[in-house]
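Chain residues, written in single-letter form:
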Amino acid sequence: MTYITKQTIRCGAHGIITEPNVLLASILMKLAADAKTGLTGRAQITKNALAFGSDQDYQIDIISELDLANATYGITQVAGLHNNSKAFLFRDVGRAVHAPAHITERVVQLFRSKSEFTFLASIQQKSSTSGVIFSIHESEHSYFELESSGVREEIRYHYRFKGKPRSESFPYRLADGLWHKIALTISASHLLLHVDCNRIYERVIDPPQMEITPGSGVWLGQHSHKHGLFKGVIQDVKLIFAPNGYITQCPNLNRTCPTCSDFLSLVQGIMDLQELLAKMTLKLNYAESRLTQLEGCHCERTCSANGLVYRDKELWVEPENCRNCACKNGVVECRRIFCPPANCSEDSLPGARRRKLLQKMQTEMYLQGSDIF
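Since the structure is predicted, the reported quantities are computational estimates derived from the model, not experimental observations.

Rules used throughout
Residues numbered from 1 in each chain as written. Predicted model: local features only at pLDDT ≥ 70, side-chain atom pairs only at ≥ 80, totals over all residues. Heavy atoms only, no water. pLDDT = per-residue confidence, 0-100. Contact = heavy atoms within 4.5 Å. Pairing = 2+ DSSP bridges. Helix = DSSP H or I, 4+ residues; strand = E, 2+ residues; numbered from the N terminus. Axes fitted to C-alpha atoms, helices over the stretch in contact; angles between N-to-C directions. Phe/Tyr/Trp six-rings, centres within 6.5 Å; stacked < 30°, edge-to-face > 60°.

Looking at this model, I keep getting lost on the confidence of the model for the protein chain. Mind explaining?
Low-confidence regions, as indicated by low pLDDT, have predicted coordinates that should not be scrutinised in detail. Summarising the model, the protein chain shows a mean pLDDT of 80, and 75% of its residues fall at 70 or more. Note that residues 1-24 has pLDDT below 50 and, in this model, 45 contacts with residues that lie over four places away or in other chains. Scored below 50 in pLDDT, residues 35-54 shows 25 contacts in the model against residues more than four places distant or in partner chains.

Got a minute to help me understand the sheet that holds strand β10 (residues 164-171) in this structure?
Neighbouring strands of a sheet are bound in pairs by backbone hydrogen bonds; such pairs are parallel or else antiparallel. Reading across the sheet, the five strands line up as β10-β9-β8-β7-β14 and stay open at both edges, with antiparallel pairing between neighbours. For this open sheet the edge positions go to β10 and β14 (217-220), each flanked by a neighbour on one side alone. Taken over all neighbouring pairs, the strand axes of this sheet differ in orientation by 10 degrees on average, direction set aside. Summarising the sheet, strand β8 (residues 141-149) and strand β9 (residues 154-161) pair through six bridges and their orientation is antiparallel. Bridge assignment links S148 to a residue of β9, and that residue is I155.

What's the story with the environment of C325 in this structure? I'm lost.
Relative to the assigned elements, C325 resides in strand β19 (residues 323-328). Spatially, the C-alpha atoms of C325 and K313 are 9.9 Å apart, while their sequence positions differ by twelve residues. With residues near it in sequence (within four places) discarded, C325 still touches E314, L315, W316, E318, V332, E333 and C334.

Sorry if this is basic, but what is going on with the packing of aromatic side chains here?
In this description, an aromatic ring pair is defined by two values, namely the gap between the centres and the angle between the planes. All chains considered together, the criterion is met by eleven aromatic pairs. Put simply, the rings of F111, F117, F119, F134, F144, Y157, Y159 and F241 pair up and form one aromatic cluster.

Here is the structure:
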């Protein structure tokens, strides 16, 4: 039997890399799972992919939740990339566009409960400007921050790993005055960056810290009140806590490939099944050996009574107890029987012997000339 270990897999810069036996085992496990649910491979994956991003419990529409229509200072509602949702112009003035406490709490809870998520946004950034598109931070500790630099013409992703700051830079020009769709997907240590529905970067990074401090702030279009101010239009800002969340933004993208989290979960399931199979094999081997021993011996249940051992179905009589007994499957079963009176002579009875002895003593006393009565 071939066993799979975590060392045989890794998530590489070009996707999931596996040893051949691991890939074969994962395919077999997937087919078995599909057979159990009555679906075949592609149909099952397609069904899951269609469901990604559709569950409202695992996505947050940032603009809707912030209720930006009621915020007037520093932002203005304008025409966007399309008319299906609201778009807002973020001006180069001091502003404070951040989430209320209940939205922040929901974001913190979703980050803690999930190992993968996707940030989506449609932006039209003023040429050659720099600013933060979205930020989740506490003081100077950024747990998630996406920044676009028009000066360096790059996209920056800031996060934390084991309490230490980390940054990833992606050379790309967003600050060109044109509309762009951006999607950053994190799945364990696997990062995907889509711009305008094109996968432009794929990397293996240190797994981001998902334990966000409850007092953190959720900001849109800025890092804080006066820093990292984004200049331009923002629309369709969402956080989706599900695999391949970018499909919500770009439905025509390939949706059949599992994410690293999906694959690691599958491998863990296979390893658990292998461990269970090994334990069951040991128990089966022991049962077979015991069965072989039992087949080679003659086992007869006996009974013990009055210090004697009787074989199964053997009969005996206990005259002193006036009963017949039998051994049945290791249990003594007895029935009372009629006992006739003992055949004894009259002289052998205890009363007759006493009378005879008394008569003899009287005769001897009489001859001696005395009377005891």
